Amino acid sequence: MGFGATIGFHPTRVGSRPLQFHPVMVVTHRTPAHAVWRRTYADQVAGALPACSLGACTRTEHSRTGGRTRTPRRRLAMLAVTRDRASGRRRTTWVVIAMCVALLTACGGEGNSSSSESAKSDTLTIALPGWTPESFDLPLNCSSPLFELAYEPLIRISESGDYAPGIAESWEYSEGNTVFTMTIREGVKFADGTDLTAQSVVDTLNYYKSTPGLNDGYLKPMTVKALGEGQVQVTYEEPFRGFESLFSSTQCNNGLVISAAGLKDPEKLKTDMFGAGPYIYVADESEPGDHYTFTPNPNYFEKSRQNWKKIVLRVIGDPNTAFNALATGEVQVDWTGGEALLAQAESKGFDVTEMAPWGAGIFVWDRDGEVSEPLADVRVRTAMALALDRENLAKAVGPATEPLDQFGLPGYVGADPDLPSKYTYDVEQAKKLMAEAGYADGFSVTMLVNSDDVESKNALIASVDQFAQIGVNVELKNAPETTFFTDIASKKYPLGAASWAILGDVPLNSNRLYKLPFSAVLNPFLSEDPDLEKAYAELQSADDATYEEAARQFNEVMTEKAWYIPLTYSPRFLYSKGVDIGESDANGNFDVPSWKPAD
């Protein structure tokens, strides 16, 4: 899995106000990001609205149960995972220890003492998971801090996890969501000193359109043009409400603007970077695949985002090794993370940032039965969904993992807590459906899995055993990250699985997993369905008043069709010492350039 989250694939693997110390118990928590998704950012900017109007307000709470919440960027907290007696669901409670008004270092003990020392360093070292690009060719790579540091995007992910101005100062939808117009920031220069203009944006987007890459489906339908010197207009033939995500800093690089020098010689884009970001890649101090070094860009327009004299990205794929590097001070941020290390992180006094959850699931790619005929029958797909004991699957993954039984992640736009579960564990009903479909004796099928996606392994192994109860014999075909998506495109595999199958909001997933040509990467058999097409059209043309209901309707139809078999959803954690970390977006991505030494 390439490091990062893509609209077609998976996400990367965090802000809030500094903690104030008072003898009370405080937990801050954000309003959902859909409050921003459904608003016109141009209106917010033009009206000079405060940060709260962008959906980034915080409020005081003592706990949170389920749903989508954000963590303050610096935590002095203990996490307790318990069971709610009434519902049986896990409850995650953050208890902030805030009695240390005079002696801040006493709160975290030895761990926070190290944090104070780390904050004084002018070098930030980040441990990244072992997913690194084979080249720097933007269209062929998923999002990564590698690119976010060197390229300024059209639209940023802010410290609070929402969309914020980058190269685009403001933007708005019009013409029934078929037109997206961006106003381009003045006075921006690339790292090489040349001006970044509206034409630079047009040239970059047209380069992405014409170059084979991960998001061909999103880019090829676009018509792009400059409106004078200050605006760029993007037009689709059909309504599309995902432009903020498409052009953000963490969505597979589509919004990263490239200089004329880079566009003139695309071969150089494979080994060097040609952006206008806050930092410059230093090849002489880097070893691709092991570590990457960046220093400040002297031509960057926003000096407040350059908080370090040097940033080093170290590739440390093993969670325990990365954790130990954090403990010894070799790194200040452990992005490799891991739910299994949460208790240790808190016992050492590390800052813990909870990232947006990922929904693990099974992709039923062959919905027309080209390779595996039984999968063309919705009764078979539903039977497979019914055969899974999701409570036990969640236990196999980790203490904070929850069962997932619909196409939407709890707390996100489109998720419906009142939707009667269509996948309640029922082996007898599953066997009945198999018999009705003519497969009482079962069948065999192959499932493609990414061998580098360690987070999905426990749930998948348990799922294979549970499928066997209804006669479905699943053979797992392991493929490394380097060939996983090529193998998907081969159309040899009827099923696939990933820890990042379902991400964020239903509208995002409706694009990346259903609508062609956007979904071509994860919909390799190019499946379509009239009921889903109707629900998708209603979602994309919805106004603010009907948007969330339209998203719930799409969720319900997709869940009933069983194109995807959800398994579990898990929060993910980033550990750090002495660094202010912002909140993640809906996919778990962060505004890395905003990170700075903690006060």
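Placed above this text is the structure.
A brief structural summary. (Residues numbered from 1 in each chain as written. Predicted model: local features only at pLDDT ≥ 70, side-chain atom pairs only at ≥ 80, totals over all residues. Heavy atoms only, no water.)

**A look at helix α14 (residues 427-436)**
Three or four residues apart is the spacing at which side chains of an α-helix point the same way, because the helix has 3.6 residues per turn. Considered for burial, the residues of α14 that qualify are V427, A430, L433 and M434. Looking straight down α14, one finds that the buried residues subtend no more than 120 degrees of arc, so they occupy a single side. In this structure, the buried residues of α14 make contact with α12 (378-386), β18 (443-450) and β19 (472-479). Looking at where α14 begins, the residue whose side-chain oxygen comes 3.4 Å from the main-chain nitrogen of E428 is D426. Looking one or two residues past α14, G438 carries a phi angle of roughly 90 degrees, positive in sign. (Buried < 20%, exposed > 50% of the residue type's maximum accessible area, 1.4 Å probe, protein only. Helix = DSSP H or I, 4+ residues; strand = E, 2+ residues; numbered from the N terminus. Arc of directions from axis to C-beta. Contact = heavy atoms within 4.5 Å. Polar contact = N/O pair within 3.5 Å; in protein donor to acceptor, adjacent residues only side chain to side chain.)

**Here we look at unusual backbone geometry**
The omega angle of the peptide bond from L516 to P517 is 5 degrees, so this bond is cis rather than trans. Tracing the backbone shows P517 in the loop between α17 (506-513) and α18 (530-540). At K491, a residue that is not glycine, the phi angle is positive and equals roughly 60 degrees. Among the structural elements, K491 can be located in the loop between α16 (481-489) and β20 (495-503).

**Observations regarding the sheet that holds strand β8 (residues 168-174)**
Taken in spatial order, the 4 strands of this open sheet run β8-β9-β11-β10, and their pairing is antiparallel. Edge positions in the sheet fall to β8 and β10 (223-227), since each of these pairs with one other strand and no more. Strand after strand, the sheet turns through a mean of 20 degrees between neighbouring axes, direction not considered. Of the strand pairs in this sheet, β10 and strand β11 (residues 231-235) are connected by 5 bridges, and their pairing is antiparallel. Following the sheet pairing, L227 is matched in β11 by Q231. (Pairing = 2+ DSSP bridges. Axes fitted to C-alpha atoms, helices over the stretch in contact; angles between N-to-C directions.)

**Some thoughts on the pattern of salt bridges**
Taken as a whole and assessed by the stated rule, the structure comprises 19 salt bridges. Linking D195 and K189 is a salt bridge whose minimum nitrogen-to-oxygen distance equals 2.7 Å. Overall, K189 belongs to the partly exposed group, its relative accessible area being 33%. E238 is paired through a salt bridge with K515; the nearest N and O atoms lie 3.5 Å apart. Placement of the pair is E238 in the loop between β11 and α8 (243-246) and K515 in the loop between α17 and α18, with a sequence separation of 277 residues. K515 sits in the buried class, given a relative accessible area of 7%. Here the salt bridges do not stand alone but share partners, grouping E152, R156 and E302 into one network. (Salt bridge = Lys/Arg side-chain N within 4 Å of Asp/Glu carboxyl O.)

**What to know about the nonpolar core**
A general feature of soluble globular proteins is that nonpolar side chains tend to end up buried together. By size, the foremost hydrophobic cluster in this structure holds 107 residues, and its most contacted members are I126, Y151, M182, F243, F247, F294 and W595. Setting aside its immediate chain neighbours within four residues, F247 contacts P153, L154, I155, F180, M182, L205, M222, V234, N254 and G255. Among the nonpolar cores identified, the runner-up in size contains 36 residues, and L393, V427, V445 and L460 belong to it. (Core = buried A, V, L, I, M, F, W, Y, C linked by side-chain atoms within 4.5 Å.)

**Things to note about the packing of aromatic side chains**
One pass over the full model with this rule turns up 35 aromatic pairs. When the ring of F136 is compared with that of F147, the centres are 6.4 Å apart and the planes differ by 85 degrees; the resulting orientation is edge-to-face. Within this pair, whereas F136 is found in the loop between β5 (123-128) and α5 (145-150), its partner F147 is found in helix α5, the two being separated by 11 residues in sequence. We note that F136, like F147, is buried. Between F363 and W365, the ring centres sit 5.5 Å apart and the planes meet at 5 degrees, which makes this aromatic pair stacked. Residue F363 shares its accessibility class with W365, and that shared class is buried. Three or more aromatic residues joined by ring pairs make a cluster, and in this case those are F363, W365, F407, F484, F485, W500, Y514, Y536, F554, W563 and Y564. Looking at R241, its charged tip hangs above the ring of Y547, at a distance of 4.1 Å from the centre. (Phe/Tyr/Trp six-rings, centres within 6.5 Å; stacked < 30°, edge-to-face > 60°. Lys NZ or Arg CZ within 6 Å of the ring centre and 35° of its normal.)

**Brief notes about the pairing of strand β13 (residues 291-296)**
The sheet contact formed by strand β12 (residues 279-281) and β13 spans 3 bridges and is antiparallel. Bridged to Y281 within β13 is F294. Inspection of the sheet shows β13 paired to strand β14 (residues 310-315) by 4 bridges, in the antiparallel sense. Paired with F294 across the bridge in β14 is I311.

**A closer look at the side chain of D529**
Tracing the chain through its elements places D529 in the loop between α17 and α18. For D529, a relative accessible area of 14% gives the class buried. At a separation of 3.0 Å, a polar atom in the side chain of D529 contacts the main-chain amide nitrogen of L532.

**Examining helix α19 (residues 547-561)**
For α19, built from 15 residues, the straight-helix expectation of 21 Å at 1.5 Å per residue is met to within 8% by its first-to-last C-alpha distance of 21 Å. Here α19 has its buried residues at Y547, A550, A551, F554, N555, M558, T559 and K561. In the segment just after α19, A562 is the residue with positive phi, at about 55 degrees. (Expected span 1.5 Å × (residues − 1).)

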